[in-house]
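Listed below are the residues making up each chain.
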Amino acid sequence: TGITPAPRGEPIYGRTYLPKKFKMAVTVPGDNSVDLYINDVGAVVIMEPDGKTVKGFNIVVGGGMGRTHRKEETFARAADHLGFVKEADFFECLKAIIAVQRDHGNREVRSSARLKYLVHTLGVDGFRALVEKYLGQKMEPWVPLPEWKYLDWMGWHEQGDGKLMLGINVEQGRVADSPGLRVKSCLRALVDNYGVDLLLTPSQSIVLRNIQPAQKYDVEAVLREHGIKLIDEVDAITRKSIACPAFPLCGLAMTEAERVQPQINARLLAVLRMMGMGSDDFVTRTTGCPNGCARPYMAEIAFVGSGPNAYQLWLGGSPNQAERTAVATSIFKMKFEDLEATVEPIFAMWRSQRNSPTEALGDFCHRVGVPVVEEFMAAYEPGAWKGMAPAFPPPPAVETPTATVGVASDLLVKIEEEASARGLDAPSLLDMIVREALEG
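To start, this report covers the structure provided alongside it. Note that the structure is a prediction, hence the values are computed from the model and not measured. (Residues numbered from 1 in each chain as written. Predicted model: local features only at pLDDT ≥ 70, side-chain atom pairs only at ≥ 80, totals over all residues. Heavy atoms only, no water.)

### What about the overall build of the protein chain?
- Along the backbone of the protein chain there are 11 helices and 16 strands.
- Taking the principal axes of its C-alpha atoms as reference, the protein chain extends roughly 80 × 55 × 45 Å.
- Here the contacts in the protein chain between residues at least 6 apart in sequence split such that 62% fall between residues at least 24 apart.
- Taken as a whole, the protein chain presents about 21800 Å² of accessible surface, with 55% of it coming from carbon and sulfur. (Helix = DSSP H or I, 4+ residues; strand = E, 2+ residues; numbered from the N terminus. Contact = heavy atoms within 4.5 Å. Areas by Shrake-Rupley, 256 points an atom, 1.4 Å probe, with all protein chains shown as cover.)

Here it is, written out as C-alpha cells:
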C-alpha cells in the first residue's frame, strides 16, 4: 500500500503526534446502539447471503461532537458514507484512513485536529480519493442498509447460546448506593451470586450477560430488593436520556448536567402529559459545556451548558441517531427555571403540525426547519396549545382496572416469613411464584 511504515517506533503514526482522540465503532446493519455517526471511523459488518460469512464492511468517516461556543470554525459533525471494502482489505483501509489524517490533518491548531475537519475541508469524495491512493485500489460503493434503529438492549434478551442477558437502566450512568437505590451493591451481589458479566452501553446503562434461564426471576428479585426498576417501569424520556458528569467532577463544566437530568426528564414528561402527549417521547441529552461528551448534538432536543444555570437549546437530531446532527437555536442562555416555558411552544407546534402520528420530534423540527420553529415560538402565548387542534388526536386511553386478591391470613404469614428469609418483600416473592407457575 501507500502507507510507509516508520523506521522505528509506532508503525503507522511514526514520530507524528496526533493530538486528538480518534474514536471508532463497529456495528451490524440496522443497529445504531453505538451512535455510529459520531465516530471518526465507523464500520458496519456486511454478511454474505449465507448469513455466516463476512463479506466486508461499510465504512463511515468524519464524525465528532466537540465544539466551542461562539467559535464557528469548530462544529459538531455526523460522519459521511465513505464506501465498502471487502473483509481482506478492511484493516489496510483503516490504516489508509489514519495515514491520510496523519499526513493531511491540521497539526498546528489542536482545536482543528480531528478527522472531521479534514473530511469537511476535502469533502468526502476528495477524502475518499486520498484514501484510495494510500490503499492502492478503489473502494466499492456503499452497500444499501435497512433503516437504522436506536437500540439500547434494555430488558430481557436471548444472547444466542441458550443464556439470557438483561439490560438495566442506570440513570446518567452513575453506579452508586443511595437510600432506596443501591446500584453498586446490586451489581456486586449479582456478580458474586450469579456469575454475570457486565457490559457497559453507549446509553450509560448496563447489560447483565450470561444469565441462566432458571435464574431469571431470582435476578429480578435481587434488582427489586436494591430498588432497581425493570425497563418497563422506566419512562421513555428517562430511558432515552443521557448527560455528562459536569459539576462537581469536570473542570470544563459551566453548569449542571448529570445531577439535573432526572429533574429535566420529569419536567419534560410533565409538560407532555399536560398537553395530552404522554405517549410521545424523544432522545434528549444534557451537557455542562459545549465539548459534547454526552453527544447532545445528535439528540432530538438537547441542552448544552452555556453559563451558570443556563443552556443553549439544540433541536432536530434524528430519533435513530443517524446521518445528521441537531441544529443550534438562537436560544443561547435558556435559564434552567425557564425549561417549561421554552419547550411548551415547541411541543405545541409538533402536536398540531406533525405529518403523521409517529413523526418524531427530531424529524419534525428537521422537516420544518429550526428558523420556522423559532418563529412559532416567538408568536406563541403560554397555554395557546389548548386552542390548537392536534394534527392526529391521540387514541382513547384504555382504563386500567384495579383489583385486589385476597390471601388467607395464615398463608400470608408464611409468605412474609419466606420472603424475609430470602431477603425479599412479600409482593416480590408472590410475583416470582405466580410467574413461575404461569410460565413454567
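### Some details on unusual backbone geometry
- Between Phe-247 and Pro-248 the backbone carries a cis peptide bond, its omega angle lying at 0°.
- Along the chain, the position of Pro-248 falls in the loop between strand S11 (241-243) and helix H6 (261-274).

### A look at helix H9 (residues 370-379)
- Along H9, the positions that sit buried rather than exposed are Val-370, Val-373, Glu-374, Phe-376 and Met-377. On an axial view of H9, the arc spanned by its buried residues comes to 160°, and they lie on one face. Of the exposed residues in H9, the ones pointing more than 90 degrees away from its buried face are Pro-371, Glu-375, Ala-378 and Ala-379.
- Of the surrounding secondary structure, the elements contacted by the buried residues of H9 are strand S14 (310-315), strand S15 (327-328), helix H7 (339-353) and helix H8 (361-368). (Buried < 20%, exposed > 50% of the residue type's maximum accessible area, 1.4 Å probe, protein only. Arc of directions from axis to C-beta.)

### A few points about empty space enclosed by the protein
- This structure, assessed with the given rule, holds one cavity of 30 Å³ or more.
- At the level of elements, helix H5 (236-239) and S11 are the ones that each hand at least two residues to the lining of the largest cavity. (1 Å grid on protein atoms, 1.4 Å probe; cavity = no way out; pocket = protein on both sides within 12 Å on 5 of 7 lines; lining within 4 Å. Points joined across faces, edges and corners; volume = space filled by probe spheres on them.)

### Structural notes on the sheet that holds strand S10 (residues 206-211)
- Taking strand neighbours across the sheet as the criterion, the four strands line up as S5-S6-S10-S9 in an open arrangement whose pairing is antiparallel. This sheet does not close on itself; its edge strands, each paired only once, are strand S5 (155-158) and strand S9 (197-200). The average undirected angle you get between the axes of adjacent strands in this sheet is 25°.
- One ladder, built from four bridges, connects strand S6 (residues 164-168) with S10; its direction is antiparallel. (Pairing = 2+ DSSP bridges. Axes fitted to C-alpha atoms, helices over the stretch in contact; angles between N-to-C directions.)

### Re the environment of Leu-130
- Mapped onto the secondary structure, Leu-130 falls in helix H2 (residues 115-135).
- For Leu-130, a relative accessible area of 18% corresponds to the buried category.
- Residues Leu-130 and Asn-320, 190 residues apart in the sequence, show an inter-C-alpha distance of 30 Å.

### What about the environment of Val-370?
- Structurally, Val-370 can be placed in helix H9.
- Classification of Val-370 as buried rests on a relative accessible area of 7%.
- Between the C-alpha atoms of Val-370 and Leu-315, which are 55 residues apart in sequence, the distance is 7.0 Å.

### Some details on the environment of Pro-296
- Tracing the backbone shows Pro-296 in the loop between strand S12 (284-287) and strand S13 (301-307).
- Counting along the chain gives 29 residues from Pro-296 to Thr-325, while the straight-line C-alpha distance between them is 9.0 Å.
- Ignoring any residue separated from it by four or fewer positions in sequence, one finds Pro-296 in contact with Arg-285, Thr-287, Ala-302 and Val-304.

### Observations concerning the packing of aromatic side chains
- All told, the structure shown has 10 aromatic pairs when counted by the stated rule.
- Members of the aromatic cluster, joined through ring pairs, are Phe-57, Phe-90 and Phe-91.
- If you follow Arg-70 out to its NZ or CZ, it ends over the ring of Phe-332, 4.0 Å from the centre.
- Over the face of the ring belonging to Phe-336 we find Arg-267, whose NZ or CZ atom lies 4.7 Å from the ring centre. (Phe/Tyr/Trp six-rings, centres within 6.5 Å; stacked < 30°, edge-to-face > 60°. Lys NZ or Arg CZ within 6 Å of the ring centre and 35° of its normal.)

### Considering the pattern of salt bridges
- Taken as a whole, this structure holds 19 salt bridges when the rule is applied.
- Asp-363 is the partner of Arg-324 in a salt bridge, and the nearest nitrogen-oxygen pair spans 2.8 Å. Of this pair, Arg-324 sits in the loop between S14 and S15 while Asp-363 sits in helix H8; the two residues are 39 residues apart in sequence, bridging distant segments of the chain.
- According to the relative accessible area criterion, Arg-324 is buried, its value standing at 17%.
- Connected through salt bridges with shared partners, the residues Asp-35, Arg-285 and Arg-295 form a single ionic network. (Salt bridge = Lys/Arg side-chain N within 4 Å of Asp/Glu carboxyl O.)

### Considerations on the nonpolar core
- The biggest cluster of nonpolar side chains holds 33 residues, and the ones touching the most others in it are Phe-282, Phe-303 and Phe-347.
- Mapped by element, the contributors of at least two residues to this core are H6, S13, S14, H7, H8 and H9.
- In terms of residue count, the dominant contributor to this core is H7 (seven residues).
- Sequence-distant contacts of Phe-303, that is, excluding residues within four places in its chain, are made with Ile-264, Leu-268, Thr-284, Arg-285, Thr-286, Thr-287, Tyr-311, Gln-312, Leu-313, Met-334, Leu-339 and Val-343.
- Judged by nonpolar contacts, the second largest core, of 25 residues, contains Phe-57, Ile-97, Val-124 and Leu-130. (Core = buried A, V, L, I, M, F, W, Y, C linked by side-chain atoms within 4.5 Å.)

### Side note on the side chain of Asp-152
- Relative to the helices and strands, Asp-152 is located in the loop between H2 and S5.
- A polar contact of 3.1 Å, which involves the side chain of Asp-152, links it to the backbone nitrogen of Met-154.
- At 2.7 Å, the side chain of Asp-152 forms a polar contact with the side chain of Arg-239.
- When sequence neighbours within four positions are dropped, the list of residues in contact with Asp-152 reads Ser-203 and Arg-239. (Polar contact = N/O pair within 3.5 Å; in protein donor to acceptor, adjacent residues only side chain to side chain.)

### What about the side chain of Ser-352?
- Positionally, Ser-352 belongs in helix H7.
- Here Ala-348 takes part through its backbone oxygen, which lies 2.9 Å from a polar atom of the side chain of Ser-352.
- Discounting chain neighbours no more than four positions away, the residues touching Ser-352 are Met-388, Ala-389, Pro-390 and Ala-391.

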